[in-house]
Amino acid sequence: MTGGRRPDDPVLENGFFYLPTLFTGCTGDMKIVKEESFGPVITVEQFDTEDEAVTLANNTAYGLAAGFWTTDPARIDRVSRGLRFGTVWANDFNIYFPKAPWGGYKQSGIGRELGKAGFEEYCELKHIFENFNNRPQSWFGA
């Protein structure tokens, strides 16, 4: 729809610059939809229902972050729970808090940074059970 090329500005000709680009009419089988471009690129897919939107969003090997807009608090709850992403923003985008865990699902990472969960990534957890009853305890309570 727009962009899709390097800028014309001579000052930028020796750098790695790409104009903000918008692709419309995209489908889930397109390479531009399936792969991360790490550039100022947005793809647009159409949907008719909330369930279809969640299915389209989840149809990726990645799962770092997602965002959507709505005025319906119940929809925020439903869609946020349905999206398989480490962070979901509703009615905003790209907001971070040091106290909130950060990390993705699927191929967008294992584990968390930031927040209590991030701190716990550096800890070695251990469970110690002491039995002074002089008889073994069974896993099933027998």
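Residues numbered from 1 in each chain as written. Predicted model: local features only at pLDDT ≥ 70, side-chain atom pairs only at ≥ 80, totals over all residues. Heavy atoms only, no water.

For the pair helix H2 (residues 50-58) and helix H3 (residues 73-82), interaxial distance at closest approach is 10 Å and the crossing angle is 30°. Regarding H2 and H3, the two cross each other, and that crossing is right-handed. Of H3, the residues touching H2 (which contributes Glu50, Val54 and Asn58) are Arg75, Arg78, Val79 and Gly82. Residue composition of the contact of H2 with H3, by class: 2 nonpolar, 2 polar and 3 charged. (Axes fitted to C-alpha atoms, helices over the stretch in contact; angles between N-to-C directions. Helix = DSSP H or I, 4+ residues; strand = E, 2+ residues; numbered from the N terminus. Left-handed = near helix turned anticlockwise from the far one by under 90°. Contact = heavy atoms within 4.5 Å. Nonpolar A, V, L, I, M, F, W, Y, C, P; charged D, E, K, R; others polar.)

Along the chain, Thr70 turns up in the loop between strand E3 (65-68) and H3. Residue Thr70 is classed as buried on the basis of its relative accessible area of 12%. From its side chain, Thr70 meets the backbone nitrogen of Asp72 in a polar contact 3.1 Å long. With near-sequence residues (within four places) excluded, Thr70 lies in contact with Arg75, Ile76 and Asn91. (Buried < 20%, exposed > 50% of the residue type's maximum accessible area, 1.4 Å probe, protein only. Polar contact = N/O pair within 3.5 Å; in protein donor to acceptor, adjacent residues only side chain to side chain.)

These values are about where atoms sit, not about what they do.
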